[in-house]
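# Chain and residue survey
Each chain is listed here by its residues.
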Amino acid sequence: MSVDQATVRRIATLARIAVSEDEVPHLQGELNAILAFVAELDEVDVSGVEPMTSVTPMALPLRADVVTAGGIAEAVLRNAPMSEDGYFVVPKVIE
Amino acid sequence: MTDLTGQTLAAARDGLRTKAFSAAELTEAHLSAIAGARGLNAFITETPDRARAMAKASDERLARGEAGALEGIPLGIKDLYCTEGVRTTAGSHILGNFVPPYESTITKQLWRDGAVMLGKLNLDEFAMGSSNETSHFGPVTSPWRKRGGNASLVPGGSSGGSAAAVAARLCLGATATDTGGSIRQPAAFTGTVGIKPTYGRCSRFGVVAFASSLDQAGPIARTVRDAAILMRSMAGYDPNDSTSANLPVPDYEASVGRSVAGKVIGIPKEYRLDGMPAEIEALWQQGIAWLKEAGAEIRDISLPHTKYALPAYYIVAPAEASSNLARYDGVRYGLRVPGKDIADLYGKTRAEGFGKEVRRRVMIGTYVLSAGYYDAFYVKAQKIRTLIKRDFETVYAEGVDAILTPATPSAAFAIGEKGSGNPVEMYLNDIFTVTVNMAGLPGIAVPAGTSTEGLPLGLQLIGRPFDEDTLFSLGEVMEQAAPKVALPERWWS
């Protein structure tokens, strides 16, 4: 399987990474090199094999439905590039 | 006074208890070694003030007879571990000014036991790399050089700063992380010991995520005993990590020096690669001979899906990375590049904030998870992971206690040597280590000799789940049998 330049642009949009036109051919080459490498997996017969969903056999633990951490809005916002009145600030989303 | 930075962690621990030197003196010696080694670029952030304050507190506890297991021991922390109030960058521009408001569980446990933080160590960006060349803060130079040469070599990666700092005697031990070989490959390249514990053995809470089903934290140190000492403080159950194993932590140091007579060591034929350098093959045979002399039984085994581990990894790891790294959006923390609207802000922030290798992996991950490709790539890779794990389970069920393999396909290479257009060339560094992450097993890299050019080479032992103890016993046997290789002279200061 390999990707064309339109697919490279589509992936970049999905990944929310701005890509300039002159980067596209280069990225296409690199992505196709990786895809060619993983194509080796095509020869493996996986019929009847369950996909691994847990690395070690364990049940997901549950915790009590109580507040364990909270009231730390200031700490949460401390690294925000832009915040105001206890909120993250972003460009206008809805016109 | 003896060379305070040249001793092992175990010797320093004993020296502090017998008051041969103080924690303050030990820390000061390391701070001056760090100041003299800036050319290696092993540290992203030095924390001398914090180190001195911690050492002073250690001296007070030592005086009161309240010493913890790591009291007064100066350590370096890979800059992937969140440290409260100390910048944590993950080697990325996007987190260049991130100051965590909380502490990772592992570092919290290290400070609980009295360790001293010297600073934050360089790494490949988001731990994605095998040479430490993808760091936004520049590559790390290995303290090792080829015999008679002065070209700058890579220390390996992604824990390149950790391995270089330990080998250059800038700290007595370091934390590291391993997603595909990032502890074991740099340890092998620098003549140090690195262990990737069983998945779930050490908490991932507060360790910046790369690929959550593969990431595992562990130590790099100069001896097997030192690694065992660090492991005891790093391991343990943590309710903040839902994949953390709720098992007691053994006294790993007690395994060091234990007899390995009767242990069954598997030698997997699939690790004998076409075109493998003769010196790697010879090193492997040497390791087999050492373990046999120590009374272990050597058995040829087969792990038939080995060759598919690396390609399957390059689906699973980028897929998980693309999901984990979605959080870097320029809104809640990290770099923000303004845009005309929110989508433009995301795109510009991530284009500028992520380096080339990270962008590439996020894009591959996005592709293999996208509609129409998920089953063909991601689900298939997870099925292959089941087969890889089953290979190991089969040989362990047949009585194999541990598996011996080379750690890396070659010795360290030069900075810039593997910068070709094909990223796969670099990925092949992890060919012997990545199976261990795919199966969630423990693996240790131990120095075993040198290349014809005088560079360190390591062997890897792979263990049963949660049987790190056996790896420490076997690792020490190899360490004792291996030729003693002096750490490099301080050419850098």
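Residues numbered from 1 in each chain as written. Chains lettered and ligands numbered in written order. Predicted model: local features only at pLDDT ≥ 70, side-chain atom pairs only at ≥ 80, totals over all residues. Heavy atoms only, no water.

- In the nomenclature of an unreviewed UniProt entry, chain B corresponds to Glutamyl-tRNA(Gln) amidotransferase subunit A from the organism Lichenifustis flavocetrariae.
- Annotation of chain B in UniProt includes, under Sequence similarities (unreviewed entry), the sentence "Belongs to the amidase family. GatA subfamily."
- Chain B has a UniProt comment under Subunit (unreviewed entry) that states "Heterotrimer of A, B and C subunits." (UniProt positions renumbered as here; feature names shortened; annotations may be inferred.)

- Chain A goes by Aspartyl/glutamyl-tRNA(Asn/Gln) amidotransferase subunit C in an unreviewed UniProt entry, where it is assigned to Lichenifustis flavocetrariae.
- Per UniProt, chain A carries the Sequence similarities (unreviewed entry) text "Belongs to the GatC family."
- Its UniProt record gives chain A the following Subunit (unreviewed entry) comment, quoted word for word: "Heterotrimer of A, B and C subunits."

## A look at the sheet that holds strand β11 (residues 456–463) of chain B
Residues and elements named next belong to chain B.
- As summarised here, the arrangement of the 11 strands in space is β1-β3-β2-β4-β6-β5-β10-β11-β9-β7-β8, forming an open sheet in which the pairing is mixed. The open sheet has two edge strands with one neighbour each: β1 (43–46) and β8 (297–301). Going across the sheet, the axis of each strand differs from the next one's by a mean of 30°, ignoring polarity.
- Two elements, strand β5 (residues 193–196) and strand β10 (residues 443–450), share three bridges in a ladder whose sense is antiparallel. Among the inter-strand pairings, Gly194 is bridged to a residue of β10, identified as Ala445.
- The sheet strands contacting helix α4 (residues 105–112) are β2 (74–78), β3 (116–121), β4 (173–178) and β6 (216–221), and the helix crosses β2 at an angle near 175°. (Pairing = 2+ DSSP bridges. Helix = DSSP H or I, 4+ residues; strand = E, 2+ residues; numbered from the N terminus. Axes fitted to C-alpha atoms, helices over the stretch in contact; angles between N-to-C directions. Contact = heavy atoms within 4.5 Å.)

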